[in-house]
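Chain residues, written in single-letter form:
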Amino acid sequence: MLDSRLRGNDEGGCLMSFMPVVLWSDALVFLLLAAGIAAAWYVRRREHLLLPWQRVAHNSVAMASLLVLSLFLAVGLLDTLHFRMALPQANGGEKVYSSEVLSVFDKLVGPLRTHTEKTYSEPFALTLYAKESMTDAQGNVARDYPRLQYGGAHLSDASQRVEDIWKRALAGGGLGLLVGLLSFYLTHRKLHCASGCDRAVSIATLILTTLIGAIANLAAVYHVLGTDKVGQDVLYLSLKSIRTGLIIGTVTTLVTLPLALFLGVAAGYFRGWVDDVIQYVYTVLSSIPSVLLIAAAVLMMQVTIDTHPQWFDTAASRADLRLVFLCLILGMTSWTGLCRLLRGETLKLREMEYIQAAQSFGVSSLRILTRHIMPNVMHIILIALVMDFSALVLAEAVLSYVGVGVDPSMISFGTMINAARLEMGREPMVWWALAAAFGFMLVLVLAANLFADAVRDAFDPRLNRTESKA
Amino acid sequence: MIAYLIRRILYAVPILIGVNLLTFALFFVVNTPDDMARMQLGIKRVTPEAIEKWKQQRGYDKPLFVNSAVGGTDKLTDTIFWQKSASMFVFDFGYSDDGRSIGREIAKRMGPSLAIALPTFLIGLIVYVSFALLMTLFRATALDMAGVALCVLLMSISGLFYIIGGQFVVSKLWHLVPISGYAGGADSFKFVVLPILIGIAGGVGSSSRWYRTIFLEEIGKDYVRTARAKGLSELRVLFTHVLKNAMIPILTGVVVVIPLLFMGSLLTESFFGIPGLGSYTIDAINAQDFSVVRAMVFLGSVLYIVGLILTDVSYTVVDPRVRLQ
């Protein structure tokens, strides 16, 4: 574990002291974030690079999807700042930290995490899902649905429930709407957005703020999406799953990107035996059906992790390393496609006049590759990146079902579906966990797909032409 | 063409050797057989004797590459590499952990896998191409837009949802077909119809959209304008000209998966309890039966390479300009 053992300020008492924890995946996310910011800063100052992004910005569907995506991203990033709380009792002056790794997000949504019930309960329910034997004050034993410990605990009478839900939803929604309108008013005075771009986005913003307001207000006292088998709030689980999905979707492509870029461009540019070797490597890798290769690699990774328990000091770091390995393995199986595309494009580019001119001027191969070829294949990389994202998020769920996905203790859409699937046979059916996982996944993937389409349309020169002709 | 095929088959040999070496490295070098034994035996029962016994039962108690304890050719053949990896080239997959012959099991399970995969593939192809042609016919209208939007929505839904949702609605609510199971012969229909339908539904989004892109690319070409100028109806242009010319890109993606149909689908088969190769693989993964997973990896890559060769052959069928030599 990349563990910067910084001590929190001790004088703040036990509650305030914590130890920041940087898990491997956190480090990768921070690296990505830094790279993203650097790239944005670089593009901002160059007109020709900015142009396609402006085209994306004028696509209202894309901007609305981006809004949704950035919301998911915000949750994911907050969930990436990890720390370990100090345990209250000082062990002979030596501080002892809890083995439980928490994130800033966990702290923000505090009650969602800590309000666990005994077992399943329906969304907005006041009682548990199953009947239990209860003894009342007179000592009579009756079988009835017990009240939840937290869900709707402020209501004395079950009949107030519907009215209370409406009241809270309206109040929260109203507040959210107000915040949305206010932020709108403030930004609009500053930014003069072109007429077409902002209507869909503004409507989407208002809908989102209203929705968030209503849900936040309700989630404080109800289990908006019910609870799962061990009584955890399903909304909390769904929100926590976002980080796993985002990491699988982004880190996977990016860890293997250098490999694909370097090998693909080298194969296309140098041809000859370099090309033969590289082609051989990716043909071998791509000839193994990807699910099987992933399954085999993950099985072997499990053996390595199981036989080296001394590598991990917390359960979270173990689950996290497995996630990073999973990303690497997924990347290993998917880089071949990108590599092939890059090789093809480089083969085309190297015959261009400007490359031949550079060659006849005696510019070194390395310089030609970095200055003339790589910038001209960047659009392919970008398109591959955004197009792969949604497929990877969906793949995570399937792999977790097959048993070769993330660690079973890690909260993800796949593990949620897997756990909920076993309860389909119950009567009455436990549907909410499944519905929540599929719903969140649908929103994330749909937004990613729509945004990816817009990016592809803006960057792919070939597609632009055919679209305008048709 | 025969010469071409022979060359392609010869070219496949180094690739299969590569696959073989890769799986060998993955299964025996990254983790030693001792590690595997320790993991499978669990923490409680790990004793040196137990590990030795586990290895001996599975034939893992030999050196990896060179056995210096014996003489002659046995030096190379009495090793893990020769007995577990090289033997796969003659399709000798050895035995699974429960002692059954993997080769026989594969032969037995291919049937049920094909009973699902083949109809899904064929009917699916027809449905996707027709839907894409329909969208192309109404291109740049509201109908086309709605079609594309539907495709994007459908492809954003997890494949698991189609299976779980389909099983719930059709089998549990409507009681039309059994939830899972399989029977041979004519009885199999009621078991396979739902997996097939779900398999088709799961692919509509991405496939139809992909074919629509191909058709749109073709429809912008000059020969289409010529055909229209001749006064041909739009339908005729689409079906006889565009469809035929779009065959090459379509075949590129389609033919390669035909041999892989034998492998079945992991998800569908395990959800519906079909005793095919897909559920065999998934059971092996869950039971951590390494020899079965290794065999399936090798079989899968052989079938993939067969698919690539078939793709090339199929080009000559649809495009007379293509000559393989």
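In case you missed it, the structure is sitting above this.
Cut-offs and rules
- Residues numbered from 1 in each chain as written.
- Chains lettered and ligands numbered in written order.
- Predicted model: local features only at pLDDT ≥ 70, side-chain atom pairs only at ≥ 80, totals over all residues.
- Heavy atoms only, no water.
- Buried < 20%, exposed > 50% of the residue type's maximum accessible area, 1.4 Å probe, protein only.
- Helix = DSSP H or I, 4+ residues; strand = E, 2+ residues; numbered from the N terminus.
- Contact = heavy atoms within 4.5 Å.
- Salt bridge = Lys/Arg side-chain N within 4 Å of Asp/Glu carboxyl O.
- Buried area = accessible area lost by both parts, 1.4 Å probe.
- Polar contact = N/O pair within 3.5 Å; in protein donor to acceptor, adjacent residues only side chain to side chain.
- Nonpolar A, V, L, I, M, F, W, Y, C, P; charged D, E, K, R; others polar.
- Core = buried A, V, L, I, M, F, W, Y, C linked by side-chain atoms within 4.5 Å.
- Patch = residues over 30% accessible without salt bridge, like charges linked within 9 Å, V, L, I, M, F, W, Y side chains within 5 Å.
- Areas by Shrake-Rupley, 256 points an atom, 1.4 Å probe, with all protein chains shown as cover.

A. Just helix 2 (residues 33–41) of chain B, in detail. Within helix 2 of chain B, the full set of buried residues consists of B:Pro33, B:Asp35, B:Met36, B:Ala37, B:Met39 and B:Leu41. Against the buried residues of helix 2 of chain B lie helix 11 (290–307) of chain A together with helix 1 (2–29), helix 3 (48–58), helix 5 (80–85) and helix 15 (290–318) of chain B.

B. Main features of the pattern of salt bridges. One pass over the structure, following the stated rule, counts 22 salt bridges over all chains. The salt bridge partner of A:Arg243 is A:Asp26, with a shortest N-O separation of 2.5 Å. In this pair, A:Arg243 sits in helix 9 (residues 234–270) while A:Asp26 sits in helix 2 (residues 24–44), placing the two residues 217 residues apart along the sequence. There is no split in this pair, since A:Arg243 and A:Asp26 are both buried. Between B:Arg100 and B:Glu105 there is a salt bridge, and its shortest N-O distance comes to 3.4 Å. With a relative accessible area of 6%, B:Glu105 lands in the buried category.

C. Region of interest: the interface of chain B and chain A. Each partner contributes residues to the interface: chain B has 48 residues there, and chain A has 51 residues. For the pair chain B and chain A, the summed buried surface comes to about 4200 Å²; carbon and sulfur atoms form 75% of the total. For the pair chain B and chain A, the interface holds one salt bridge. With a closest N to O distance of 2.7 Å, A:Asp453 and B:Arg209 form a salt bridge. At the boundary of chain B with chain A, the tally comes to five residue pairs in polar contact (both at pLDDT 80 or more). Going through the elements one at a time, helix 1, helix 2, helix 7 (142–155), helix 8 (159–173), helix 9 (188–219), helix 13 (266–272), helix 14 (277–287) and helix 15 of chain B are the ones with two or more residues in the side of chain B that touches chain A. Of the residues contributing to the side of chain B that touches chain A, the split by class is 32 nonpolar, 12 polar and four charged.

D. Broad picture of the nonpolar core. Among the nonpolar cores identified, the biggest contains 198 residues, and A:Ile417, B:Tyr211 and B:Phe215 are the most heavily contacted of them. The contact partners of A:Ile417, leaving out residues within four places of it in the chain, are A:Ala397, A:Leu434, A:Ala437, A:Phe438, A:Met441, B:Leu160 and B:Ile164.

E. Focus on unusual backbone geometry. Residue and element names in this part refer to chain B. Positive phi, normally seen in glycine, also occurs at alanine 140, with a value near 60 degrees. With respect to the helices and strands, the residue alanine 140 is situated in the loop between helix 6 (102–137) and helix 7. Positive phi, close to 55 degrees, is recorded for histidine 175, a residue that is not glycine. Position of histidine 175 among the secondary structure elements: in the loop between helix 8 and helix 9.

F. Up close: a nonpolar patch on the surface. Together, A:Trp273, A:Val277, A:Tyr280, A:Val281, B:Ile2, B:Ile6, B:Leu10, B:Val13, B:Ile17, B:Leu21 and B:Phe89 line one region of the surface with nonpolar side chains, adding up to about 1000 Å² of accessible area. Looking at the nonpolar patch, the elements with two or more residues in it are helix 10 (272–287) of chain A together with helix 1 of chain B. Among the elements that take part in the nonpolar patch, helix 1 of chain B stands out by supplying six residues, more than any other.

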